[in-house]
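Listed below, chain by chain, are the residues.
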Amino acid sequence: MIKCENLSIGYGTRVIQHDLSFELRDGELVALLGANGCGKSTLLRTLAGLQPPLNGTYQLSTRSSQRAAQTRSSNAQLTALVLTERLSVESATVRDVVAMGRYPYTSFLGTLTAADHRIVDEAMEQVGVAELADSFYNDHSDGEKQRILIAKALAQQTPDEPTAHLDLPSRIKTLNLLHDIAHEQQKTILISTHELDLALRTADRVLLMYPKNQGFVLDSPAAIQKGEALRLAFGIDVAAMF
């Protein structure tokens, strides 16, 4: 579960969105939509603990943000973030990258236990990259790398997981994979995307953010398409395109 109460996000004295209050449930895929600059990435970074909220609070699972932020490892055990930036890891295998998800649980030596290795193997199997385990991460396509990073997030075993350098078939497969993971493993998955048509067809709910600090709407894809929300968010009649 992700629960925000009167949350304000931004940088320094610059507030991008304020008074965000909503709750995302276990077992659902939520698409985070909105025009550039509306605060999508800032919200994800705030929920992941990469930057502090300007005001208000948020809760991940049953623990509050204040408690979770006491140590990096405790926050990392609650949230996994998969970014769209290309990650380059020299001389690292696919298994090495996925295993990074287990580091919040290791000692200061960073030694993986037999249980950690089993979790890594299971994560790679779940997303279909087990056969790539011993190959170098940098040798793979963008679509394969995205699945590898999702496996890393799964290996992190967080209650909550927020994902473009992919072609259309890869984007469809990725969204369907995340939808299945959310439902089968009862995870809260929040994905920021510009793929409006795919998001509205795949997500359980949509978190649509308006520009210029004007708030948001959280509703089903069907309800989002029927109302004026898309026009208010993007400034054009996007709904007419579907």
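Counting restarts for each chain: residues are numbered from 1 in the order of the written sequence. With pLDDT at 70 or above as the cut-off, local features in this predicted model cover only qualifying residues; side-chain atom pairs require 80 or more to be listed or tallied, and sums for whole chains, interfaces and linings still use all residues. To get the side-chain values, take all heavy atoms of the structure and skip hydrogens and water.

1. Here's the deal with the packing of aromatic side chains
Right, on to step 1. Pairing of aromatic rings covers Phe, Tyr and Trp, the last through its six-membered ring, and needs centres within 6.5 Å; plane angles under 30 degrees mean stacked, over 60 mean edge-to-face, and all others mean tilted. Inspection of the entire model under this criterion finds 1 aromatic pair.
Right, on to step 2. Measuring from ring centre to ring centre gives 5.5 Å for Phe22 and Phe216, while their planes differ by 70°; the resulting arrangement is edge-to-face.

2. Concerning the packing of helix H5 (residues 114-127) against helix H6 (residues 142-155)
Right, on to step 1. The contact between H5 and H6 brings their axes to 8 Å, and the two run at 140°. Taken as axis vectors, H5 and H6 run oblique relative to one another. The way H5 lies across H6 gives a crossing that is right-handed. Where H5 approaches H6, its residues Ile119, Ala123, Met124, Gln126 and Val127 are matched on the opposing element by Arg147, Ile150, Ala151, Leu154 and Ala155.
Right, on to step 2. Class assignment for the residues of the contact of H5 with H6 results in 8 nonpolar, 1 polar and 1 charged. What counts as an axis is a line fitted to C-alpha atoms, over the stretch in contact for a helix, and the angles between N-to-C directions run from 0 to 180 degrees. Counting from the N terminus, the helices are the DSSP runs of H or I reaching at least four residues and the strands are the DSSP runs of E reaching at least two. Roughly parallel means an angle under 35 degrees; roughly antiparallel, over 145; roughly perpendicular, 65 to 115; everything else is oblique. Crossing handedness follows the turn of the near helix against the far one: under a right angle anticlockwise gives a left-handed crossing, and clockwise gives a right-handed one. Only heavy atoms matter for contacts: two residues are in contact if any of them lie within 4.5 Å across the pair. Three classes are used: nonpolar for Ala, Val, Leu, Ile, Met, Phe, Trp, Tyr, Cys and Pro, charged for Asp, Glu, Lys and Arg, and polar for all others, with Gly counted as polar.

3. Brief notes about H5
Right, on to step 1. Its 14 residues give H5 an end-to-end C-alpha distance of 21 Å, which sits within 8% of 20 Å, the value for a rise of 1.5 Å per residue.
Right, on to step 2. Burial classes follow relative accessibility: with a 1.4 Å probe on protein chains only, a residue under 20% of its type's maximum area counts as buried, one over 50% as exposed, and anything between as partly exposed. Among all positions of H5, only Asp116, Ile119, Val120, Ala123, Met124 and Val127 are buried. One side of H5 holds all its buried residues, which, seen down the axis, span an arc of 135°. In H5, those exposed residues whose orientation departs by more than 90 degrees from the buried face are Ala114 and Glu125.
Right, on to step 3. Just downstream of H5 lies Gly128, where phi reads positive at about 80°. In this analysis, the expected span of each helix is defined as 1.5 Å times one less than the number of residues it contains. This arc describes the spread of directions from the helix axis toward the C-beta atoms.

4. Let's talk about unusual backbone geometry
Right, on to step 1. Even without being a glycine, Asp19 presents a positive backbone phi close to 55°.
Right, on to step 2. Owing to a relative accessible area of 42%, Asp19 belongs among the partly exposed residues under this scheme.
Right, on to step 3. Non-glycine residue Gln186 carries a positive phi angle of around 55°.
Right, on to step 4. Residue position: Gln186 is located in the loop between helix H7 (168-185) and strand S7 (188-192).

5. Regarding the pattern of salt bridges
Right, on to step 1. Any carboxyl oxygen of Asp or Glu within 4 Å of a side-chain nitrogen of Lys or Arg constitutes a salt bridge here. Following the criterion strictly, the structure yields 8 salt bridges and no others.
Right, on to step 2. The closest approach of N and O atoms between Glu5 and Lys3, which form a salt bridge, is 3.4 Å.
Right, on to step 3. Residues participating in the shared-partner salt-bridge network are Arg25, Glu28 and Arg205.

6. What about the side chain of His140?
Right, on to step 1. Counting through the fold element by element, His140 comes out in the loop between H5 and H6.
Right, on to step 2. Throughout this description, a polar contact denotes any pair of N or O atoms lying within 3.5 Å of each other; where both atoms belong to protein, one of them has to be capable of donating a hydrogen while the other can accept it, and for residues adjacent in sequence the pair is counted only when both atoms sit in side chains. Within polar-contact distance, the side chain of His140 engages the side chain of Ser135 at 2.6 Å.
Right, on to step 3. For His140, the side chain forms a polar contact with the side chain of Glu144, separated by 3.1 Å.
Right, on to step 4. Aside from chain neighbours lying at most four places away, what touches His140 is Val94, Leu132, Ser135, Lys145 and Ile148.

7. Describing the nonpolar core
If you look at soluble globular proteins, the nonpolar side chains tend to sit buried side by side.
Right, on to step 1. Core analysis: the biggest nonpolar cluster contains 31 residues, and Val98, Met124, Val127, Val129 and Ile148 have the highest contact counts within it.
Right, on to step 2. If you tally residues by element for this core, the top one is H6, at 6 residues.
Right, on to step 3. The criterion is simple. A nonpolar core is a set of buried Ala, Val, Leu, Ile, Met, Phe, Trp, Tyr and Cys residues joined through side-chain atoms within 4.5 Å. Counting 19 residues, the second largest nonpolar core, distinct from the first, contains Leu7, Ile9, Leu47 and Met209.

Interpretation in functional terms is not warranted from these geometric data alone.
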